[in-house]
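Observations on chain architecture
Chain residues, written in single-letter form:
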Amino acid sequence: MEELERLNREVRSCRLCRLASTRKLAVPGEGPEHARIMLIGEAPGYHEDQQGRPFVGAAGQFLESLLARIGLTRRDVFICNVIKCRPPENRAPMPDELELCRPYLIRQLGLVKPEVVITLGRYSMELVFKGSSISKIHGTTRTIDGVTYIPMFHPAAALHQPRYRSLIEADFDRVPDILQELDRRNASPPPPEPAPPEQLSFF
Ligand code: URA
């Protein structure tokens, strides 16, 4: 936990970009040190900025209801964002802000070592599924270096546009099957070593 706490302290005092001068509190993220699932959103909003915690506003409430559908609470997962400080008026993050903040997220991935990463919305999807369309690939999985990534719509999009609600619910409902499949693969014995070449014997 020490490393994660050190990282949190760095984020809270970060002044690498302009957002440091407009934020109230930076929002490093939170969750168990070795959570099996990491959820990555976009950037803190008003409530997150006030409290220094991720997903505590309306989108967060919806996210908690999605987790409850699959028998989880927010305490079971690691929740963070691509951008650790609120952009003024919740504007879209700027390219240099994304660039400067990315190392924090990469360190979080390296410390938490989640098996499954759920990207919420376009900005976190772009980290892994560059140039993809979320409408086409939401709910699919892609495994890179042993980590399974699942892109999903942002919960806030589902709040504003009801047609996304059933899509994100259906994507979340598949997570237990994905975890079970990973368990099954981890439990199955490794493939046998190839047999050594037969020894030639003259007897
Ligand atoms: N939206 C996000 O992407 N992240 C938060 O923490 C809250 C709302």
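The present account deals with the structure reproduced in this document. All figures in this text were calculated on a predicted structure; none of them were measured in a lab. (Residues numbered from 1 in each chain as written. Predicted model: local features only at pLDDT ≥ 70, side-chain atom pairs only at ≥ 80, totals over all residues. Heavy atoms only, no water.)

The next point concerns the packing of helix α1 (residues 2-12) against helix α4 (residues 95-112). Contact geometry of α1 with α4 gives a least axis separation of 10 Å together with a crossing angle of 165 degrees. As summarised for this structure, α1 and α4 are arranged roughly antiparallel, according to the angle between their axes. Crossing geometry of α1 relative to α4 is assigned as left-handed. Contacts between α1 and α4 involve Glu3, Leu4, Leu7, Glu10 and Val11 from the former and Tyr104, Arg107, Gln108, Leu111 and Val112 from the latter. Considering only residue class, the contact of α1 with α4 consists of six nonpolar, one polar and three charged. (Axes fitted to C-alpha atoms, helices over the stretch in contact; angles between N-to-C directions. Helix = DSSP H or I, 4+ residues; strand = E, 2+ residues; numbered from the N terminus. Parallel < 35°, antiparallel > 145°, perpendicular 65-115°, else oblique. Left-handed = near helix turned anticlockwise from the far one by under 90°. Contact = heavy atoms within 4.5 Å. Nonpolar A, V, L, I, M, F, W, Y, C, P; charged D, E, K, R; others polar.)

Right, let's talk about the side chain of Arg86 for a bit. With respect to the helices and strands, Arg86 occurs in the loop between β2 (78-81) and α4. Although Arg86 is buried, it forms no salt bridge, and the closest oppositely charged side chain is Asp49 at an N-O distance of 4.9 Å. For Arg86, the side chain forms a polar contact with the side chain of Asn90, separated by 2.8 Å. Dropping the residues within four chain positions of it, Arg86 is found in contact with Leu19, Thr22, Pro44, Gly45, Tyr46 and Asp49. (Buried < 20%, exposed > 50% of the residue type's maximum accessible area, 1.4 Å probe, protein only. Lys, Arg positive; Asp, Glu negative; His and termini not counted. Salt bridge = Lys/Arg side-chain N within 4 Å of Asp/Glu carboxyl O. Polar contact = N/O pair within 3.5 Å; in protein donor to acceptor, adjacent residues only side chain to side chain.)

Computed from the structure, the largest pocket encloses a volume of approximately 450 Å³. The wall of the largest pocket is formed by 20 residues, among which Ala43, Gly45, Asn90, His154 and Ala156 lie closest to the centre. Listing elements by their share of the lining of the largest pocket, those giving two or more residues are α2 (46-51), α3 (58-69) and α7 (155-160). Broken down by element, the residue count for the lining of the largest pocket peaks at four residues, all from α7. Residues belonging to the lining of the largest pocket are distributed by class as follows: ten nonpolar, seven polar and three charged. The computed volume of the second largest pocket comes to approximately 180 Å³. Surrounding the second largest pocket, Val82, Leu98, Arg102, Leu105, Arg122, Tyr123, Glu126, Leu127 and Lys130 form its lining. Secondary-structure elements contributing two or more residues to the lining of the second largest pocket are α4 and α5 (122-128). The element best represented in the lining of the second largest pocket is α5, accounting for four residues. (1 Å grid on protein atoms, 1.4 Å probe; cavity = no way out; pocket = protein on both sides within 12 Å on 5 of 7 lines; lining within 4 Å. Points joined across faces, edges and corners; volume = space filled by probe spheres on them.)

Bringing empty space enclosed by the protein into the picture now. Under the definition given, this model contains one cavity of 30 Å³ or more. The volume enclosed by the largest cavity comes to roughly 100 Å³. Along the walls of the largest cavity sit 15 residues, with Cys14, Cys17, Cys85, Cys101 and Tyr104 positioned nearest its centre. Of the residues forming the lining of the largest cavity, the biggest block, four residues, is contributed by α4. For the lining of the largest cavity, the residue count by class is eleven nonpolar, no polar and four charged.

Turning our eyes to something else, we now look at helix α8 (residues 162-173). Think of an α-helix as 3.6 residues a turn; residues three or four steps apart then line up on the same face. Here α8 contains twelve residues, and its C-alpha end-to-end distance of 17 Å stays within 8% of the 16 Å for a straight helix at 1.5 Å per residue. All of the buried residues in α8 are Tyr164, Ile168, Glu169, Asp171 and Phe172. Buried residues in α8, looked at end-on, bunch into an arc of 160 degrees, giving them a common side. Opposite the buried face of α8, at more than 90 degrees from it, the exposed residues are Pro162 and Arg163. The inward-facing, buried residues of α8 abut β1 (37-41), α3, β3 (116-120), β5 (147-152), α7 and α9 (175-187). (Expected span 1.5 Å × (residues − 1). Arc of directions from axis to C-beta.)

Right, let's talk about α9 for a bit. The terminal C-alpha atoms of α9, which comprises 13 residues, lie 18 Å apart, in line with the 18 Å expected from a rise of 1.5 Å per residue. Restricting attention to buried positions, one finds in α9 the residues Val175, Ile178, Leu179 and Leu182. Take α9 and look down its axis: the buried residues cluster within an arc of 100 degrees, on one side only. Opposite the buried face of α9, at more than 90 degrees from it, the exposed residues are Asp177, Gln180, Arg184 and Ala187.

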